[in-house]
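Commentary on secondary and tertiary structure
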Protein chains: 4
Amino acid sequence: MKPAIAVLGGDLRQVYLSRLLEADGRHVMTWGLEKGGAPCAVPLHQALEARVLVLPLPVWRDGALNLPLTDTRLETEDLWPRLRTDQLLLGGMTGELPPRLREDFGLTLLDYYDREELQAANAVPTAEGAIALALELTDRTLCGSRCLVMGFGRIGKVLSDRLRALGAEVAVSARKYADLAWVRAMGCAPCRTDALSGALGDYDLIFNTVPALVLDQRLLAETREDCVILDLASAPGGVDFDAAARLGRRAQAAPGLPGKTAPRSAAAAVRESIYHILEERGEYM
Amino acid sequence: MKPAIAVLGGDLRQVYLSRLLEADGRHVMTWGLEKGGAPCAVPLHQALEARVLVLPLPVWRDGALNLPLTDTRLETEDLWPRLRTDQLLLGGMTGELPPRLREDFGLTLLDYYDREELQAANAVPTAEGAIALALELTDRTLCGSRCLVMGFGRIGKVLSDRLRALGAEVAVSARKYADLAWVRAMGCAPCRTDALSGALGDYDLIFNTVPALVLDQRLLAETREDCVILDLASAPGGVDFDAAARLGRRAQAAPGLPGKTAPRSAAAAVRESIYHILEERGEYM
Amino acid sequence: MKPAIAVLGGDLRQVYLSRLLEADGRHVMTWGLEKGGAPCAVPLHQALEARVLVLPLPVWRDGALNLPLTDTRLETEDLWPRLRTDQLLLGGMTGELPPRLREDFGLTLLDYYDREELQAANAVPTAEGAIALALELTDRTLCGSRCLVMGFGRIGKVLSDRLRALGAEVAVSARKYADLAWVRAMGCAPCRTDALSGALGDYDLIFNTVPALVLDQRLLAETREDCVILDLASAPGGVDFDAAARLGRRAQAAPGLPGKTAPRSAAAAVRESIYHILEERGEYM
Amino acid sequence: MKPAIAVLGGDLRQVYLSRLLEADGRHVMTWGLEKGGAPCAVPLHQALEARVLVLPLPVWRDGALNLPLTDTRLETEDLWPRLRTDQLLLGGMTGELPPRLREDFGLTLLDYYDREELQAANAVPTAEGAIALALELTDRTLCGSRCLVMGFGRIGKVLSDRLRALGAEVAVSARKYADLAWVRAMGCAPCRTDALSGALGDYDLIFNTVPALVLDQRLLAETREDCVILDLASAPGGVDFDAAARLGRRAQAAPGLPGKTAPRSAAAAVRESIYHILEERGEYM
């Protein structure tokens, strides 16, 4: 028999996830998602009986389960004693489980976010969300505009591809020679990170994807007055927003785009990750 | 000497237009744009002395000049007597000038909107604005979604190209065999307009560009419940919105996207048209 | 009953056409295609009994039917008297039928090549064939190379789209403002035809699609020594090949690409045209 | 002073490399490239005095230096004793230097091919060469054809991107979930390698990039009769060509495309690698 899956808390992605799992014909229970209209809501004690427990992404917030779609609060410390060693706990950005739980309680907590296929899949809604934001913030068309994408990791790869496809002139900055070769192979203009100074005045739009302070006051001062700057890196991000404000630049941080732009697609990617984890552990799918 | 140009009224596009003309080193005067922060504002009588008068797009609204960025009103009837036969009047969507003005007064009113290069240029911000709206309205990524573009005129051409570039599966409906051949040549799936019925349930997103009622109640009933429908055709558009509301479909009209999405690019296209008109008339550029 | 179709002569496209028509379940007869291995070969007198006769593309060569795949010769003058007024003659690039045949004999000859859907469809194999040739002739990758496409008709549109998609920097020259606006809308760099002089030294590859002498000695002298030049315009083409040879430029004419590059796709496009003609004439399909 | 560079042997890429180095203003000497028309030819003893020696790619062939563009032969054993410990030897696919040379003679041999930026750069001419071959071998247009790319390494990534850009429907097979997610993110259809059986009959073209026998007799038998198969993997490749011949499939191995398709671009990539090696070793650039 397929194991019962309980989805406990989280945001709109977990609501969609519940629906997708249900549509797959699985035995689903949900708890802590009532404001999102998730199906199959059950009391907590019932949800905690499921073989597989899907926790939020990110799983914790201020020492409690991350529960934006309910008014209840569930402390981490209150959750552990109610779990069993034969349950599979799946959470996003879990970090290490305290040794006490792992060793004394024997609990198994796996991170579904820490899988390359989920991160790759998330790069798409992030890029699309960045494009939507850019369209909103600029007074130009992307077609014909000069864009700089800082960093050529997952998001940089997808975003530069999409911007070029929309007709923009796209430069990508990176440090490694191999990345710069890839940038060229993908039809964009490579730019060494250490050569950005002096070239920044060329761009109508700058998208940062590097999780380190790259756009500091000195570099920001080189950008054009009407330049729009989007920071897609996770907190604390890569843009000195105070300096940007002093300089009058239009700069905006845009974290967590997948859940906002395309919660359904983001949920589908979480589902895939969960299925792959179950499959790799020999669980009946 | 380059002729003085006065920009009288209009929306954000005319504000940007003033700035672009000024940046080109031209003698610019503006009137009726004060809420938009246009440069070179002058009293009306002074503006009316310019050799070239740029009127709004669309030029009229309710029998008066289209003046959304000022509290003043200027009746059509009050404007004509103050103009001279040696002036060049340029307006958008002007229609025919009453014979009295053309023949008795000898005024020359040309339509800068009625030029293929402007309409082609406008297809880009329209397509980009439609993409921004689609990203906002759907809970999916465009990448991997199934899109139908109805019509293969200017907007249909650019929009289908961009959607495909973003990774969507794109079908385009058209009536003419030649258009269907072009759809295929551009890498999209052709679909005969008269064969839409029966296929509409395939699409996550439907964009209409045809200025005629194509999505009536019968066809709307065939779309999927979670289908998002955008109508880009000019009023009265091509979607039965009442029927869509009854059926619970997410349908939205999106007129006038260029001025909203990318007023600067839209203004640049107006400027090009104006320069081409002046050039073709042998005016000093 | 579906009318019998006889395919008389032509090149590899007609061979493929016969197979496609046969695969559609039609009653097919072929004559004059034996070197191409066409199916359903019959004697001429039998083929001439069919309701629909498909003639070659181009239909004539030196006063006779265009018969490259047989050793027989069939004079125009010998063909007419053997045809009936109730037959439908379909040929490619037919030109006008002599009045005698049209009026005295009452024959009906239609041109399947003179249809926009066929010409649009043909732009694809032409563009792909041009890309294959360019890849063969240059010592560079197209990705990163600077290409100029002269003309923005059907072939210019498809070719510039494909070159850009392969990572080239693409400029397109055209005369009309509207075409230049479209070039920009499609993400390429517009260039006025009358402004080519002075800019030609920028390009690694030049593709001409304009059927008029555009690349004369003066302009050729401005191209780079290692520039590769392809002329895709129909004869006499748009490149002064003698001047190119004197200057040592690598220039090549490339006519008739669809039949060479992709005879099967070219045949499928001919089939579509023929079906559309039959449909428009109310013939049973 | 910039160190003198000698280019010893190799194919057309080394000829272009010599020209590119010379155009950069470097002190270049060449030997063993006379049939390719390389500049700066000198006698061997003189070339061997250079600070930096660029050897062929691949460096050896049958125990001698790889010298396709000269009639001379230079045995490995004859080369070593003539080299000095202060020289930098750069070769392609060098493998390990025998310990005797490394330890006793103190020679330094580095592999310029074993750098990610070169391999990334090489993926582009490989993909373009594969497209040229595919265009030559098929009777269809790539636009609209159904392509399968086996493997999503460097070549698979670039090739699938280009095929899609040309209007093909592209599926990519891979084993890893992360690769399959990337395939989808790039707008292609993912296909698990272990699910190929049963789906192979869908494709007009199959490109293998996996260096292992993936297309064996059993799978080949599932392909369509008119399917064209290209093997881009390095020897021994991934296609059972004997089985393909027995089945009448059009299958072709296509090794070494960069040097054939785009020797100039391939040489530019080698030059970059060499410069990066020199830079990382602190050599004056």
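Just above sits the structure.
Here's a quick rundown of the structure. (Residues numbered from 1 in each chain as written. Chains lettered and ligands numbered in written order. Predicted model: local features only at pLDDT ≥ 70, side-chain atom pairs only at ≥ 80, totals over all residues. Heavy atoms only, no water.)

This paragraph deals with the overall build of chain A. Regarding its fold elements, chain A presents 11 helices and 13 strands. Taking the principal axes of the C-alpha coordinates as reference, chain A spans close to 60 × 35 × 35 Å. Across the 285 residues of chain A, 59% fall into the buried class. Accessible area of chain A: about 11,400 Å², with a carbon and sulfur share of 50%. (Helix = DSSP H or I, 4+ residues; strand = E, 2+ residues; numbered from the N terminus. Buried < 20%, exposed > 50% of the residue type's maximum accessible area, 1.4 Å probe, protein only. Areas by Shrake-Rupley, 256 points an atom, 1.4 Å probe, with all protein chains shown as cover.)

Of the transformation placing chain C onto chain B, the axial shift is 0.0 Å and the rotation is 180 degrees, giving an RMSD of 0.0 Å. In the structure described here, the two chain copies are related by an operation that fits a two-fold rotation axis. (Least-squares fit on C-alpha atoms with pLDDT ≥ 70 in both.)

Quick look at the sheet that holds strand β9 (residues 169-174) of chain B now. All names here are of chain B. Read across the open sheet, the 6 strands follow the order β10-β9-β8-β11-β12-β13; overall the sheet is parallel. Each edge of the sheet is formed by a strand with only one pairing partner; in this case those strands are β10 (189-192) and β13 (250-253). Taking each pair of neighbouring strands and ignoring which way they run, the sheet shows an average axis angle of 20 degrees. Two elements, strand β8 (residues 146-150) and β9, share 5 bridges in a ladder whose sense is parallel. Its bridge partner being in β9, Cys 147 is matched across the sheet by Val 170. Across the sheet, helix α7 (residues 177-185) touches β9 and β10, and the angle it forms with β10 is around 160 degrees. (Pairing = 2+ DSSP bridges. Axes fitted to C-alpha atoms, helices over the stretch in contact; angles between N-to-C directions. Contact = heavy atoms within 4.5 Å.)

Across the contact, 22 residues belong to chain C and 22 residues belong to chain B. The contact between chain C and chain B buries some 1,800 Å² in all, and 67% of this surface belongs to carbon and sulfur atoms. By the criterion of area lost to chain B, the three top residues of chain C are C:Tyr177, C:Trp182 and C:Met186, representing 35% of everything that side buries. If you look at where chain C meets chain B, you find 2 salt bridges. Note that B:Glu279 is salt-bridged to C:Arg192, the shortest N-O span being 4.0 Å. Inspection of the region where chain C meets chain B yields 6 residue pairs in polar contact (both at pLDDT 80 or more). Secondary structure elements with two or more residues in the side of chain C that touches chain B: α5 (116-137), α6 (154-165), α7 (177-185) and α11 (263-280) of chain C. The greatest single-element share of the side of chain C that touches chain B, amounting to 6 residues, is contributed by α5(C). Among the residues forming the side of chain C that touches chain B, the class breakdown is 11 nonpolar, 1 polar and 10 charged. (Buried area = accessible area lost by both parts, 1.4 Å probe. Salt bridge = Lys/Arg side-chain N within 4 Å of Asp/Glu carboxyl O. Polar contact = N/O pair within 3.5 Å; in protein donor to acceptor, adjacent residues only side chain to side chain. Nonpolar A, V, L, I, M, F, W, Y, C, P; charged D, E, K, R; others polar.)

Here the focus is the interface of chain B and chain A. In this assembly, 22 residues from chain B lie in contact with 22 residues from chain A. Contact between chain B and chain A buries roughly 2,000 Å² in total, counting both sides, with carbon and sulfur atoms accounting for 56%. On the chain B side of the interface with chain A, the three residues burying the most area are B:Glu128, B:Leu135 and B:Asp139, jointly 29% of the side's total. In this structure, A:Asp226 engages B:Arg264 in a salt bridge whose closest nitrogen and oxygen atoms are separated by 3.6 Å. Across the chain B-chain A interface, the total number found is 12 residue pairs in polar contact (both at pLDDT 80 or more). Ranked by residue count, the leading element in the side of chain B that touches chain A is helix α5 (residues 116-137) of chain B, at 6 residues. Here the residues of the side of chain B that touches chain A sort into 12 nonpolar, 4 polar and 6 charged.

Counting across every chain of the model gives 4 aromatic pairs over all chains. Seen in terms of ring centroids, A:Trp60 and A:Trp80 are 5.4 Å apart; in terms of plane orientation they differ by 70 degrees. Their pairing is edge-to-face. Pair noted here: A:Trp60 is in strand β4 (residues 60-61) and A:Trp80 is in the loop between α3 (76-79) and β6 (88-91), with a separation of 20 residues, a long-range link. Seen from the ring of C:Tyr16, C:Arg19 lies directly overhead, with NZ or CZ sitting 5.2 Å from the centre. (Phe/Tyr/Trp six-rings, centres within 6.5 Å; stacked < 30°, edge-to-face > 60°. Lys NZ or Arg CZ within 6 Å of the ring centre and 35° of its normal.)

This part is about the relation of the copies chain B and chain A. Of the transformation placing chain B onto chain A, the axial shift is 0.0 Å and the rotation is 180 degrees, giving an RMSD of 0.1 Å. Here 100% of the contact residues of chain B are again contact residues in chain A; the copies associate through an equivalent surface.

All names here are of chain D. Within strand β9 (residues 169-174), 5 of the 6 residues are buried, which leaves it mostly tucked inside the rest of the structure. Taking the sense of rotation as the criterion, the β-α-β connection linking strand β8 (residues 146-150), helix α6 (residues 154-165) and β9 turns out right-handed. Across 4 bridges, β9 lies against strand β10 (residues 189-192) in parallel orientation. Across the sheet, residue Val 172 finds its bridge partner in β10, namely Pro 190. Chirality of the crossover, the property in question, places the unit of β9, helix α7 (residues 177-185) and β10 among those that are right-handed. (Right-handed = clockwise from strand over helix to strand, strands pointing away.)

Residues and elements named next belong to chain A. Counted at 1.5 Å a residue, the expected span for helix α11 (residues 263-280) with its 18 residues is 26 Å, and the 26 Å between its end C-alpha atoms agrees. Of the residues making up α11, those classed as buried are Pro 263, Ala 266, Ala 267, Ala 269, Val 270, Arg 271, Ser 273, Ile 274, Tyr 275, His 276, Ile 277 and Leu 278. Backbone geometry just after α11 places Gly 282 at a positive phi near 75 degrees. (Expected span 1.5 Å × (residues − 1).)

Tallied over the full model, the rule gives 67 salt bridges over all chains. A salt bridge links D:Asp226 to D:Arg140, with the nearest nitrogen and oxygen atoms 3.1 Å apart. With D:Asp226 in the loop between α8 (217-220) and β12 (228-231) and D:Arg140 in the loop between α5 (116-137) and β8, this residue pair connects regions lying 86 residues apart in the sequence. Take D:Arg140: its relative accessible area is 16%, and that puts it in the buried class. Salt bridges sharing partners connect three or more residues here, namely A:Arg140, A:Arg146, A:Asp204, A:Arg224, A:Asp226 and B:Arg264.

Tracing the backbone shows A:Gly201 in the loop between β10 (189-192) and β11 (205-208). C-alpha separation for the pair A:Gly201 and A:Gln87, spaced 114 residues apart in sequence, amounts to 56 Å.

Right, let's get into α7(D). Counting buried residues in α7(D) gives 7 out of 9 residues, a clear majority hidden from the surface. Among the residues making up α7(D), those that are buried are D:Tyr177, D:Ala178, D:Leu180, D:Ala181, D:Trp182, D:Val183 and D:Ala185. Where α7(D) is buried, its residues touch α5 (116-137), α6 (154-165) and α11 of chain A together with β9 and β10 of chain D. Following α7(D) by one or two positions, D:Gly187 has its phi on the positive side, about 85 degrees.

Let's shift gears to the sheet that holds strand β2 (residues 28-31) of chain D. Residues and elements named next belong to chain D. One open sheet accounts for 5 strands, arranged β2-β1-β3-β6-β7; its pairing is parallel. The sheet is open, and its two edges are formed by β2 and β7 (108-111), each paired on a single side. Neighbour-to-neighbour, the strand axes of this sheet turn through a mean angle of 20 degrees, independent of strand direction. Two strands pair when backbone bridges link them, and strand β3 (residues 52-54) and strand β6 (residues 88-91) are joined in this way by 3 bridges, in the parallel orientation. Pairing of Val 52 across the sheet is with Leu 88, part of β6. In the packing of helix α11 (residues 263-280) onto the sheet, the strands contacted are β3, β6 and β7, and the crossing angle to β6 comes to about 150 degrees.

Packing of α5(B) against α7(C) leaves a shortest axis separation of 7 Å and a crossing angle of 10 degrees. Relative to α7(C), the element α5(B) lies roughly parallel. Touching B:Glu116, B:Glu117, B:Ala120, B:Ala121, B:Ala123 and B:Val124 of α5(B) are C:Tyr177, C:Ala178, C:Ala181, C:Trp182 and C:Ala185, all from α7(C). For the contact of α5(B) with α7(C), the class distribution of residues is 9 nonpolar, no polar and 2 charged. (Parallel < 35°, antiparallel > 145°, perpendicular 65-115°, else oblique.)

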